[in-house]
Amino acid sequence: MTHTAGPTRTRYALCGLSVRAISVFAGPLLGRPDRPPTGPDAPYADAGELVAILDRDADRVDQYRAAVGTKVPWFPPEHFEQMVAETRPDVLLVATPDHTHVDYVLAGLAAGLDVVVEKPMVTTAEDAARVMAAAKHSRGTVRVTHNLRYAPRHQQLRRLIADGAIGRVTSVELVWNVGARHGASYFRRWNRTRLNSGGLSIHKSCHHFDLVGWLIGATPEQVFAYGARNYFGADSPHNPGPDRPAEDPYRWYDAGSPADPGPVRDSTGLSYPDQYPQRLSAFDPEIDIEDTYSVLVRYQGGASLAYSIQFSAPWEGYRLAVNGTHGRLETDLYYDVEPLPPSGSTPISYYPLFGDGQAYAVDGEDAGHLGADPLLVADLFRPTGDDPLGCRADAQAGAYAVAVGEAVWRSIRDNRPVNVADLLRTEAGG
Ligand SMILES: NC(=O)c1ccc[n+]([C@@H]2O[C@H](COP(=O)([O-])OP(=O)(O)OC[C@H]3O[C@@H](n4cnc5c(N)ncnc54)[C@H](O)[C@@H]3O)[C@@H](O)[C@H]2O)c1
């Protein structure tokens, strides 16, 4: 990608006016509905111009345009080519529901555009291979916004590992807890079917598989996993049944309880008349994905990962350790729950195998997603210099993160180890 801030503003077209897009794409260029439309709330307006919004919900786009005071043109999904021809973007930003990414990414590459796509890049390894192949033959590039790479804590870890602090990496331990409030939200939105999101081993865990591969600089090779749905769906032990919806215990975690019949709104205040004509329950029978995983991953070069995640935990955060031939790095991060330490207060602990340990404080974690989002947005819209830590994930990185997630649900389903390269069919696509 060659676009930089300069006298000529880069032209961006956005597919999907999602809450995520408002946060990291449209908001920085045009402003947010929940904040004043000018000044620091559109901090990249001088670097880039949002020239088009494509979304299937015209009403939602109208709400946004009215709230931030813009006339940026709207296009429905079937008018993608018209949008490109009329508005001549340099870069396509894709932040629609996951299963639609592949079509927009491929269409963008076919038009020779640089494409910036939210994670997960796509929802299947087969589609990931298609994107890798298309990227090879396009003038355009693919960049996946794996934002956890930008979190200050992760950048510090990456530097320590790359500098050889622990020698050759031998194994990684990662326990990720998604709090009950946050976890329930996945099951009340489009994310809750394999068709839409690939399942949480792709939709959510792609963050973590990308993070670990990037931290240790290794390619995933083989996956074995167990998993189940324990908290949500029709068989949930918390499902009060259709006749007693007010007793849904997750109602405490969401304004969208049956007691609040208003429209579903995102955190900026916009509603989704098309996507959510009515509220969804976390116990609906269409839910077909897991909410609990235990996973082993082997990497080329011999390192391994032991990873677990569950989506209805009493606290949100993670415990991460990286072991090497010459030492160990450890870090914990908790948020949203007392009396555990607040976010940002836990250091990175470094234990050389022989010698004295050291603690590294971490700053800058107050902003979105552990402090990652402002740094990601700056690197997208006003990049400075090169990318020494390799934070800009390309199509191949996006593909591996998806393929490990798919290997997880396939391993669970078939009770066998799954080779990641087989899923990506790397001879054809990689
Ligand atoms: N990196 C992160 O930390 C992070 C966080 C949240 C979401 N995400 C990703 O961002 C993307 C958006 O997620 P969200 O939860 O913010 O979405 P959302 O539910 O808030 O919005 C989806 C938008 O897409 C529109 N839409 C639906 N189908 C469409 C189609 N076929 N064509 C065009 N528009 C369509 C809807 O009308 C809506 O405006 C997803 O890929 C998600 O995985 C990433």
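Being a predicted model, the structure only gives us computed values, none of them experimental. Residue numbers here run from 1 along each chain, matching the order of that chain's written sequence. Owing to the predicted nature of the model, reporting of local features is limited to residues with pLDDT of at least 70; listing and counting of side-chain atom pairs is limited to 80 or more, with chain, interface and lining totals taken over all residues. As a rule here, side-chain values come from all non-hydrogen atoms in the structure, and water together with hydrogens is ignored.

Draft legend 1. Spotlight on the pairing of strand β13 (residues 348-352). Buried residues dominate β13, accounting for 4 of its 5 residues. Pairing geometry for β13 and strand β14 (residues 358-360), over 3 bridges, is antiparallel. Bridge pairing in β14 places I348 opposite Y360. We call two strands paired when DSSP finds no fewer than two bridges between them. Secondary structure elements follow DSSP: runs of H or I of four or more residues count as helices, runs of E of two or more count as strands, with numbering from the N terminus. Linking β13 to β14, which pair antiparallel, is a turn of 5 residues; within it G355 sits at a positive phi near 130°. Here the term buried applies to any residue with accessible area under 20% of the maximum for its type, exposed to any over 50%, and partly exposed to those in between, with areas from a 1.4 Å probe on protein chains only.

Draft legend 2. Inspection of the packing of aromatic side chains at higher detail. Stacked, edge-to-face and tilted labels apply to pairs of Phe, Tyr and Trp rings (six-membered ring for Trp) whose centres lie within 6.5 Å, assigned for plane angles under 30 degrees, over 60, and everything in between, in that order. In this structure the tally under the stated criterion is 11 aromatic pairs. The interplanar angle of 55° and the centroid separation of 6.3 Å between the aromatic rings of Y231 and F232 together place this pair among those described as tilted. Under the relative-accessibility criterion, F232 is labelled buried at 1%. In this structure an aromatic cluster arises from ring pairing among Y12, Y44 and F381. The criterion is that NZ of a Lys, or CZ of an Arg, lies within 6 Å of the ring centre and within 35 degrees of the ring normal, and then a charge sits over that ring. If you follow R60 out to its NZ or CZ, it ends over the ring of Y272, 4.0 Å from the centre.

Draft legend 3. Seen up close, the environment of R413. Checked against the element boundaries, R413 lands in helix α12 (residues 395-414). Look at R413 and you get exposed, because its relative accessible area is 52%. Counting along the chain gives 187 residues from R413 to Y226, while the straight-line C-alpha distance between them is 8.5 Å.

Draft legend 4. Focus on unusual backbone geometry. Look at the link from K119 to P120: it is a cis peptide, with omega at -20°. Its location among the elements puts P120 in the loop between β5 (114-118) and α5 (125-136). Phi is positive for R88, close to 45°, though the residue is something other than glycine. Relative to the helices and strands, R88 resides in the loop between α3 (80-87) and β4 (91-94). A relative accessible area of 53% means that R88 is categorised as exposed.

Draft legend 5. Structural context of the sheet that holds strand β1 (residues 10-15). Strand order in this open sheet of 6 strands is β3-β2-β1-β4-β5-β6, and the pairing throughout is parallel. This sheet does not close on itself; its edge strands, each paired only once, are β3 (74-75) and β6 (142-145). Across 2 bridges, the pairing between strand β2 (residues 48-54) and β3 is parallel. Within the sheet, the bridge partner assigned to I53 lies in β3 and is W74. Contact definition: two residues touch when any of their heavy atoms are within 4.5 Å. Between the N-to-C directions of two axes lies an angle of 0 to 180 degrees, each axis being a line fitted to C-alpha atoms and, for a helix, fitted only over the stretch in contact. Against the sheet, helix α11 (residues 368-381) makes contact with β1, β5 and β6, and its axis sits at roughly 160° relative to β6, the strand it touches most.

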